[in-house]
Amino acid sequence: MTRWPLPQPMALALEQARKAVRAGEVPIGAVIMKDGEIVAAAHNETRALPDPTAHAELLAIRRAAQTLGQERLDGCELWVTLEPCAMCAGAIAHARIPRLYYAAPDPKGGAVEHGARVFEHAQSLHVPEVYAGLGAEEAGELLREFFRARR
Ligand SMILES: [Zn+2]
């Protein structure tokens, strides 16, 4: 099977996930783009901070809001290597991020196409366009390797 080169933002999110592995964190990376520029990049840092809410998406959203000096991330894209959890999906709605790209599905902890399906509720403040699957193989392999090595 031919592997097409990934879009640059997803390649960067995967690079963040690899940085997380080196730091002993769960390999999940996120990048926020606006007008083709990187506004923020982050990986999970729940152990280093220590902060149970320090998921890659949340850290990237906080950094992007600080960099742009605004609480709503209009015109931004969030690229993340794993399907966001309910907390992060909630943050994506609060931030009004118009487009979400995620790589691997997460049947256990995901809340976009699994579990809580946050954006499918009428109460969701905002519903982003969602594009899933780009880089899923690479992202899934990083996670499998990480958890295999820990057993
Ligand atoms: Zn999360």
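That block above? That's the structure.
Residues numbered from 1 in each chain as written. Predicted model: local features only at pLDDT ≥ 70, side-chain atom pairs only at ≥ 80, totals over all residues. Heavy atoms only, no water.

Student: Which residues make up the overall build of the protein chain, and what values go with them?
Tutor: The number of helices and strands found in the protein chain is four helices and five strands. Of the regular secondary structure in the protein chain, the N- to C-terminal order runs α-β-β-α-β-α-β-β-α. Here the protein chain has a C-alpha radius of gyration of 14 Å; the compact-globule value for 151 residues is 15 Å, and the two agree. Overall size of the protein chain, expressed as C-alpha extent along the three principal axes, is 40 × 35 × 30 Å. Evaluated residue by residue, the protein chain yields a buried proportion of 46% over its 151 residues. For the protein chain, the proportion of contacts with a sequence separation of at least 24, taken over those separated by at least 6, is 57%. Total accessible area on the protein chain stands at roughly 7900 Å², and carbon and sulfur atoms take up 53% of it. The centroid of the 17 positive side-chain charges in the protein chain is displaced by 5 Å from the centroid of its 19 negative side-chain charges. (Helix = DSSP H or I, 4+ residues; strand = E, 2+ residues; numbered from the N terminus. Rg over C-alpha atoms; globule rule 2.2 N^0.38 Å. Buried < 20%, exposed > 50% of the residue type's maximum accessible area, 1.4 Å probe, protein only. Contact = heavy atoms within 4.5 Å. Areas by Shrake-Rupley, 256 points an atom, 1.4 Å probe, with all protein chains shown as cover. Lys, Arg positive; Asp, Glu negative; His and termini not counted. Charge placed at Lys NZ, Arg CZ, Asp CG, Glu CD.)

Student: Give a description of the side chain of Asp106 that names residues and reports values.
Tutor: In this fold, Asp106 is placed in the loop between strand 4 (99-104) and strand 5 (129-132). Engagement of the side chain of Asp106 in a polar contact is seen with the backbone nitrogen of Gly109, the distance being 3.1 Å. Apart from the residues within four sequence positions on either side, Asp106 is in contact with Leu82, Glu83 and His114. (Polar contact = N/O pair within 3.5 Å; in protein donor to acceptor, adjacent residues only side chain to side chain.)

Student: Describe in detail the pattern of salt bridges, supporting the description with residues and values.
Tutor: The full count for this structure, using the stated rule, is seven salt bridges. Taking the shortest distance from any N to any O, the salt bridge between Arg99 and Glu77 comes out at 3.4 Å. Remark: Glu77 occurs in strand 3 (residues 76-82) and Arg99 occurs in strand 4; sequence separation between them is 22 residues. Judged by relative accessible area, which is 24%, Arg99 ranks as partly exposed. In this structure Glu77 comes out as buried when scored by relative accessible area, which is 18%. (Salt bridge = Lys/Arg side-chain N within 4 Å of Asp/Glu carboxyl O.)

Remember, this is a structural readout, not a statement about activity or role.
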